[in-house]
Amino acid sequence: MEAQILLQNRIFELSKTSFMLQIKSFAFNPFSENTYVVFNENKNAYLIDPGNYTDAETTVLEQFIESQGLKIQNILLTHAHIDHVLGLQKIYDRYQVPVLLHEIEKEILERNPMNAVKFGFVFQPFKGELQFIQENEILKLDENEFKILHVPGHSPGSVAFYSEAEKLMISGDVLFEG
């Protein structure tokens, strides 16, 4: 099956490697930010950009993960703008896995409690394990590989996760300026 365009709240299968990838997308918070769960046949998964803010959004995300029997391996951030991390602490507390982001985004993540006020949100300082990723680093989800591409512009430490085998890229807001 060839890679397909992602549409909101649909699961797509990508099968160019021996471990078929599936992707589930969710639109969360007033910004309609896209949160993704990428998983393979072994039920290993990455949770990308947890923008869930309300308890209802968190429940929907957790119920999907549980219904599929997924094991979250890491939380990945394309960047740390407030809309992409509103659910970060909740998700980290639930799954207790490292959060991977570009080092430049750490400062942005740390400023989010102050930035959240501008948008009428409450955001406590993140307390959890951060691991920094860099350009050309390879993340492996079993046999599925994702190359890290540093794509500054929208945010100084924006990254994209690219699977050459699957012809798939998750890039956050890289197409948006500023």
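Data block above holds the structure.
Calculation rules
- Residue positions within a chain follow its written sequence, with the count starting from 1.
- Totals for whole chains, interfaces and linings use every residue, but because this is a predicted model, local features are given only for residues with pLDDT of at least 70 and side-chain atom pairs only at 80 or more, for both listing and counting.
- Think of the side-chain values as coming from all heavy atoms in the structure, minus any hydrogens and water.
- Two rings from Phe, Tyr or Trp (for Trp, the six-membered ring) form a pair when their centres are within 6.5 Å of each other. A pair whose planes differ by under 30 degrees is stacked, one over 60 is edge-to-face, and the rest are tilted.
- The helix and strand labels rest on DSSP assignments: H or I over at least four residues marks a helix, E over at least two residues marks a strand, and numbering proceeds from the N terminus.
- Burial classes follow relative accessibility: with a 1.4 Å probe on protein chains only, a residue under 20% of its type's maximum area counts as buried, one over 50% as exposed, and anything between as partly exposed.
- Picture the helix axis, draw a direction to every C-beta atom, and the arc is the one those directions span.
- The contact criterion used throughout is that any non-hydrogen atoms of two residues lie within 4.5 Å.
- Whether two strands pair comes down to DSSP finding at least two bridges between them.
- With axes taken as lines fitted to C-alpha atoms, and helix axes fitted only over the stretch in contact, angles between N-to-C directions fall between 0 and 180 degrees.

(A) Fine view of the packing of aromatic side chains. By the definition in use, this model includes eight aromatic pairs. Note on Phe31 and Phe121: the rings are 5.9 Å apart at their centroids and 40° apart in plane angle, and the pair reads as tilted. Here Phe121 lies in the loop between helix H4 (105–118) and strand E7 (130–133) and Phe31 lies in the loop between strand E2 (21–28) and strand E3 (33–39), a separation of 90 residues in the sequence. Since its relative accessible area comes to 36%, Phe31 is described here as partly exposed. When the ring of Tyr92 is compared with that of Phe126, the centres are 5.4 Å apart and the planes differ by 80°; the resulting orientation is edge-to-face. A residue pair is termed long-range when its members are at least 10 positions apart, and Tyr92 in helix H3 (residues 88–95) and Phe126 in the loop between H4 and E7 qualify at 34 residues. Note on Tyr92: relative accessible area 10%, which makes it buried.

(B) How the structure looks around H3. Among the residues of H3, Leu88, Ile91, Tyr92 and Tyr95 are the ones counted as buried. Along the axis of H3, the buried residues cluster in a sector spanning 100°; they form a single face. The elements touched by buried residues of H3 are strand E4 (44–48), helix H1 (55–68), strand E5 (71–76), helix H2 (82–85), strand E6 (99–102) and H4.

(C) Layout of the sheet that holds strand E11 (residues 168–170). Strand order in the open sheet made by the four strands is E8-E9-E10-E11, with antiparallel pairing throughout. Taken across any chain shown, the strands that pair with only one partner, and hence form the sheet edges, are strand E8 (138–141) and E11. Each strand axis lies, on average, 25° off the axis of its neighbour in the sheet, ignoring direction. Of the strand pairs in this sheet, E8 and strand E9 (residues 144–150) are connected by four bridges, and their pairing is antiparallel. Counterpart to Leu139 in the pairing with E9 is Phe146.

(D) Expanded view of the pairing of E4. Most of E4 is tucked away: five of the five residues are buried. Where E3 meets E4, four bridges bridge the pair, whose relative direction is antiparallel. Considered in E4, the bridge of Tyr36 is made with Ile48. The turn joining E3 and E4, which pair antiparallel and follow one another in sequence, is formed by four residues; a positive phi near 75° is taken by Lys43. Where E4 meets E5, five bridges bridge the pair, whose relative direction is parallel.

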